[in-house]
Amino acid sequence: MAAPYLKLNTEMSQRQGFGFPLMEYDCFSLRMSSPPHSFRGVFFFPTCPIQSPSLNLSKKPQKISRNFQFSIRLKYSSCAFDAIESNRTGLSPVRLQDGSQKTPCKLWNSNRPKGNRVPETSEEKKLWKGLDLDSKERLRRYSGMLRNCAAKGALREGKAIHGQVIKSGIDPDSHLWNSLVNVYAKCGSSKYASKVFGEVPERDVVSWTALIAGFVAEGYGSEAVNLFSEMRKEGVVANEFTYATALKACSMCLDLMFGKQVHAEAIKVGDFSDLFVGSALVDLYAKGGEMVLAERVFLCMPEQNPVSWNALLNGFAQMGDAEKVLDLFFRMTGSEINFSKFTLSIVLKGCANSGNLRSGQMVHSLAVRIGCELDEFISCCLVDMYSKCGLAGDALKVFATIEDPDVVSWSAIITCLDQNGQSREAAEVFKRMRYSDVVPNQFTFASLVSAATDLGDLYYGESIHACVCKYGLEYDNTVCNSLITMYMKIGSVQDGFQVFKLTTNRDLISWNALLSGFHDNETCDIGLRIFSQMLVEGFNPNMYTFISILRSCSSLADVGIGKQVHAQIVKNSFDGNDFVGTALVDMYAKSRFLEDAETIFNRLIKKDLFVWTVIVAGYALDGQGEKAMKCLIQMQRECVKPNEFTLASSLSGCSRIATLDSGRQLHSLATKAGQSGDMFVASALVDMYAKCGCVEDAEVVFDGLVFRDTISWNTMICGYSQHGQGGKALKAFEVMLEEGTVPDEVTFIGVLSACSHMGLAEEGKKHFNSLSKIYGITPTIEHYACMVDILGSAGKFDEVESFIEEMKLTSNVLIWENVLGACKTHGNVEFGERAAMKLLELEPEIDSNYILLSNIYAAKGMWDDVTNVRALMSTRGVKKEPGCSWVEVNGQVHVFLSHDGSHPKIREIHLKLQDLHQKLMSFGYTPNTDHVLHNVSDREKKELLFYHSERLALAFALLSTSTRKTIRIFKNLRICGDCHDFMKSISELTSQELVVRDINCFHHFKNGSCSCQNFW
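Heads up: these notes are all about the structure in this document.

Basis of the calculations
Residues numbered from 1 in each chain as written. Predicted model: local features only at pLDDT ≥ 70, side-chain atom pairs only at ≥ 80, totals over all residues. Heavy atoms only, no water. Helix = DSSP H or I, 4+ residues; strand = E, 2+ residues; numbered from the N terminus. Buried < 20%, exposed > 50% of the residue type's maximum accessible area, 1.4 Å probe, protein only. Contact = heavy atoms within 4.5 Å. Areas by Shrake-Rupley, 256 points an atom, 1.4 Å probe, with all protein chains shown as cover. Pairing = 2+ DSSP bridges. Axes fitted to C-alpha atoms, helices over the stretch in contact; angles between N-to-C directions. Parallel < 35°, antiparallel > 145°, perpendicular 65-115°, else oblique. Left-handed = near helix turned anticlockwise from the far one by under 90°. Nonpolar A, V, L, I, M, F, W, Y, C, P; charged D, E, K, R; others polar. Polar contact = N/O pair within 3.5 Å; in protein donor to acceptor, adjacent residues only side chain to side chain. Expected span 1.5 Å × (residues − 1).

## Digging into the overall build of the protein chain
Thinking step 1. Per the secondary structure count, the protein chain includes 50 helices and 8 strands.
Thinking step 2. Counting across all 1016 residues of the protein chain, residues that qualify as buried make up 50%.
Thinking step 3. A separation threshold of at least 6 residues defines the contact pool for the protein chain, and within that pool the share at least 24 residues apart is 65%.
Thinking step 4. For the protein chain, the accessible area works out to roughly 48200 Å², and carbon and sulfur atoms hold 51% of it.

Here it is in structure tokens:
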């Protein structure tokens, strides 16, 4: 289209009612086959596809023609009423009558002959001809002035011209109608544009396109798509500008399906090759993530312009494909297309999203070379790129080059520092920003609140909250969501909940932020109620919602609720999401449903370090140490490097099954990875060595710690107590207090256990009383049980009975178990019977209660009572747990039951035992048959003692080891007195150090003596 020639005359048009100079235009233009030039600006950035009437439209457009566009039928004059009134000319605007009929205003010139008769005389015909020519000229002038207003975005001036049109009484033609729609659309008043559009007698493609473009310009993509559908329903054929505008609308609302239909129609009518349509299609597919289609459209375009290049580049940048972005950029620079700073910003975004620092630095060099490195827009992009590549220092250097940074630049650098963990620096930059008199916006405060969250400084967070209120942003969703998250993570749950309640427009992020504060054991049930309320209010949970609520289920350890959440996950199609899958594995593992956890784990496509750690920890906590170790080995085979938490969990698994060789391998792995000094790993190593019978190695690791916290002290003190080294345990407690470490509940369990093993009743009482009086710790049932054990071990049964009555402990199983054990040790039948009866009432299914009572009777020769107890067991279906011992030889664990004949080397084991027995007999050893609690002959009693499980394990270990390294045997029950004597004699005979861990403690046999001092 040829550009119109504009002849500008400026004069005061007071006679027409304007109170300001009116620009009059004499417009001379060539005939146009396409829309006026002023419309081309509307469609410069085409983007989204739309449907043709010939297509079966999948989208049901909202009723838009009459109901959507013109729900209130106002004449087009109402649009200009405000402008006419503002002219203050004293002239009343002509009001058009309302009605459903389209009756355009016809205010004729007073010189025009009245009536509808046809002019007859030559004079009348001459007058009519002159008036018609004058009207056409005025229509052209009004249209020209309105186009000028649209180009300048002068809404007020456009309204004034509209008012003058009404007052002049001129009958608008199609060009003037289109100019009116266009001026309101381009000036950002789609409401007025719709009202004028509703009065257009014959709406053509130009008026439709102008209105659609207006909605697109204001960001109403869905409404623009609906308008296009309505246009096609009315049979109006779209042109290239309409297609381009409709495609942009689809791009805005990411309606790919509708966009593809518009694409098909554009091809059908032959407009696909249009530059604007092609660019809009590239933009649509790029923003929708359909990069294959975007590139295909791009390559099919007859020619490419900067818009299409930038659209394609932006798509790959959003995908984080920096390599493709750079490849395209180099191809662009090699063509005749000149790139702009906007192009450079897209390339920098691609580098930032992919973390490609080297390419980002290359683009930075290019910006310096072409002289736009000081441009504020490019500088902000450089700050973002260096930030996402982890170089906050370089980002600060770029920021320092900005001469007069605006709020965007300040916000970018604050966000950069926050994201790189430099929260204090972010706070300092904000202080400088305030001194510069730049007003912060919602994005500035969102980053500052995030920095306050990382600092964990509630006071600073509250001061930022006050700043937010000062600047009137306390109701902004972005800021509110950040504040909720901050308060929840810092632990100020009530404040976070208050912010949530005051949030006027809550979205899913608001709910997720609120849920994040209810993960611990005390509040996890509240999290479930919040999740339920969120669903009631119609919000669809996303990945973060499910991860958060599953954490609450993990803390609650309620697998029933967890399975309901799992069902919601499947319903919402998140069961294939690896992050949600990891949270499910964690929930099932912590609920001790390891089979379900393993099933979910095996379905995961990508297994990262966190999920491996979760499954290893799950097996370790459930006592399945072997599976934990297998998972760790498989994890390393898949080239996933364990971290300190993985190693600590694996060591815990070794502790539970007492696999010393595996534990030592893990120690070596931790040392090699430089993690042996980590507090979690070190404490786990101390615990592993202590529970595997190597208290000396545990002591070495403990002494090598640079910093020892309460947990590490507790591990060492409890380790000493378990190994019968009560003196060392109490000494360690004294050193702990001297170093200023505050003890907790677990510390005193170790201390009281040490007093019990050593028979220190008075010292035990002193430590028990100090719990509440000195340290403010409320005693738990474990502390009371320890105190009962201390008094019972000392034989002070009267004090035990008084203590139980005074502390109201008569209904606790642990208390009576300790009483029954003490009664067996001291042969107190009467009190033992009472304790046993209480236990049989509280726990009738536990076999050890029957066995202990039976042993008390047997020790006193009360065989009838023994028979009665065993008959009661049989009647109730209670079976005695068989004695079981195991020993680790050459990295393999061998398990033995009493009188077991299943081991491959059982013959050699029996021969070894006979050999040992004969040697001991020559040294004067005699089996103590008093420990056989069966009413049988002495010969049978000796035979029963001969094949106890711990003796079988010892014989096998002596057969299998050539060196004199310590033999460690583990037993599931209390070692009997005769086996205890047998082990002491063997240690003296063979000069072999033996360690036996039974259900009570560790026994270190060396040179004929035991560490327990015959008290266990």
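So, next bit.
## Some points on unusual backbone geometry
Thinking step 1. The backbone phi angle of Asp437 is positive, close to 65 degrees, even though this residue is not glycine.
Thinking step 2. Examined against the element boundaries, Asp437 turns out to sit in the loop between α20 (423–435) and α21 (442–455).
Thinking step 3. Residue classification places Asp437 among the exposed residues on the basis of a relative accessible area of 66%.
Thinking step 4. With a phi angle near 55 degrees, Lys808 is a residue other than glycine that sits in the positive phi range.
Thinking step 5. Summarising the element assignment, Lys808 is placed in the loop between α42 (797–806) and α43 (813–826).

## Focus on the pairing of strand β3 (residues 884–889)
Thinking step 1. Counting buried residues in β3 gives 5 out of 6 residues, a clear majority hidden from the surface.
Thinking step 2. If you look at the hairpin formed by β3 and strand β4 (residues 892–897), you'll find 2 residues sitting between the two strands, and Asn890 has a positive phi there, around 55 degrees.
Thinking step 3. With 3 bridges joining them, β3 and strand β5 (residues 967–971) adopt antiparallel strand pairing. The residue of β5 that forms the bridge with Val887 is Ile969.

## What about the environment of Val181?
Thinking step 1. As for its placement among the helices and strands, Val181 is situated in helix α5 (residues 174–186).
Thinking step 2. Judged by its relative accessible area of 0%, Val181 falls in the buried class.
Thinking step 3. Between the alpha carbons of Val181 and Gly214 there is a distance of 8.9 Å; along the sequence they are 33 residues apart.
Thinking step 4. Once residues within four sequence positions are removed from consideration, Val181 is found in contact with Ala193, Val196, Phe197, Val200, Ser207, Ala210 and Leu211.

## With respect to the packing of helix α39 (residues 745–758) against helix α40 (residues 761–773)
Thinking step 1. Two numbers describe how α39 lies on α40: the axes approach to 9 Å, and their chain directions differ by 165 degrees. Judged by the inter-axis angle, α39 sits roughly antiparallel to α40. Along this stretch, α39 crosses α40, giving a crossing that reads as left-handed. On α40, the residues that touch Phe748, Val751, Leu752 and Cys755 of α39 are Glu763, Gly764, His767, Phe768, Ser770 and Leu771.
Thinking step 2. Here the residues of the contact of α39 with α40 sort into 6 nonpolar, 3 polar and 1 charged.

## Quick look at the side chain of Ser987
Thinking step 1. Summarising the element assignment, Ser987 is placed in helix α50 (residues 977–990).
Thinking step 2. With relative accessibility at 0%, the residue Ser987 sits in the buried group.
Thinking step 3. From its side chain, Ser987 meets the backbone oxygen of Lys984 in a polar contact 2.7 Å long.
Thinking step 4. Within the structure, the side chain of Ser987 is placed 3.1 Å from the backbone nitrogen of Gly1008, a separation counted as a polar contact.
Thinking step 5. Apart from the residues lying within four places of it in its own chain, the contact partners of Ser987 are Gln992, Leu994, Phe1005, Lys1006, Asn1007, Gly1008 and Ser1009.

## Let's talk about helix α9 (residues 240–253)
Structural remark: α-helix, 3.6 residues per turn; residues separated by three or four positions point the same way.
Thinking step 1. Between its first and last C-alpha atoms α9 spans 20 Å; for 14 residues at 1.5 Å apiece the expected length is 20 Å, and the two agree.
Thinking step 2. With respect to burial, α9 is a largely interior element, 11 of its 14 residues being buried.
Thinking step 3. Taken together, the buried positions of α9 are Glu240, Phe241, Thr242, Tyr243, Ala244, Thr245, Ala246, Leu247, Ala249, Cys250 and Ser251.
Thinking step 4. Taking the backbone nitrogen of Phe241 as reference, a side-chain oxygen 3.0 Å away marks Asn239 as the first, capping residue of α9.

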